[in-house]
Amino acid sequence: MLSTALEHLVKGIVDHPEDVQVAAKSTTRGEILEVRVNPEDLGRVIGRSGRTAKSLRTLVNSLAGDSRVRVDVVDTAA
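Below you will find a few notes about this structure. Note that this is a predicted model, so its numbers are computed, not measured.

1. Digging into the overall build of the protein
Within the protein, the secondary structure is distributed over three helices and three strands. Going from N to C terminus, the protein has its helices and strands arranged as α-β-β-α-α-β. Since a compact globule built from 78 residues should have a radius of gyration of about 12 Å, the 12 Å found for the protein is in line with a globular shape. C-alpha extents for the protein along the principal axes are approximately 35 × 20 × 20 Å. When contacts within the protein are restricted to residue pairs at least 6 apart in sequence, those whose partners lie at least 24 apart make up 57%. Carbon together with sulfur atoms contributes 48% to the accessible area of the protein, which is approximately 5,200 Å² in total.

Written out as structure tokens, the structure is:
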């Protein structure tokens, strides 16, 4: 549920919503949601001084309740 909510939020921000991918991974320390976007949209997802990324993390953590969730924006450009 959290990954679909995060995917929906990110698709509303970017110019290439078809390239948005959110992968959920479970670890002993909690769940990790990795967000991958088109390299042209990376700046939009991170925002100035990381404000947009911080806001996305805040929303996901509030939806998660008591469970631990980490949101990572992955840079796919090599």
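2. Thoughts on the sheet that holds strand β3 (residues 69-74)
The strand order across the open sheet built from three strands is β1-β2-β3, with neighbouring strands paired in mixed fashion. The strands lining the two open edges of the sheet, one partner per strand, are β1 (21-27) and β3. Recorded for the sheet is a direction-independent mean angle of 20° between the axes of neighbouring strands. Note: strand β2 (residues 30-36) against β3, six bridges, orientation parallel. When the sheet's bridge partners are listed, R36 is paired in β3 with V74. Against the sheet, helix α3 (residues 51-64) engages β2 and β3, with an angle of about 150° to β3.

3. Here's the deal with the nonpolar core
With 16 residues, the main nonpolar core has L6, V10, L33, V35 and V37 as its most contacted residues. Residue assignment for this core shows that the elements contributing at least two residues are α1 (2-13), β2, α2 (42-46), α3 and β3. Every residue in contact with L33, bar those within four places of it in the chain, is listed here: L2, S3, L6, V22, A23, A24, V60, V69, R70, V71 and D72.

4. Some thoughts on the environment of I32
Along the chain, I32 falls in strand β2. A relative accessible area of 13% means that I32 is categorised as buried. Counting along the chain gives 12 residues from I32 to R44, while the straight-line C-alpha distance between them is 21 Å. In this view, I32 contacts A23, A24, K25, T27, R70 and D72; residues no more than four positions away in its chain are not counted.

The rules behind these values
- Residues numbered from 1 in each chain as written.
- Predicted model: local features only at pLDDT ≥ 70, side-chain atom pairs only at ≥ 80, totals over all residues.
- Heavy atoms only, no water.
- Helix = DSSP H or I, 4+ residues; strand = E, 2+ residues; numbered from the N terminus.
- Rg over C-alpha atoms; globule rule 2.2 N^0.38 Å.
- Contact = heavy atoms within 4.5 Å.
- Areas by Shrake-Rupley, 256 points an atom, 1.4 Å probe, with all protein chains shown as cover.
- Pairing = 2+ DSSP bridges.
- Axes fitted to C-alpha atoms, helices over the stretch in contact; angles between N-to-C directions.
- Core = buried A, V, L, I, M, F, W, Y, C linked by side-chain atoms within 4.5 Å.
- Buried < 20%, exposed > 50% of the residue type's maximum accessible area, 1.4 Å probe, protein only.

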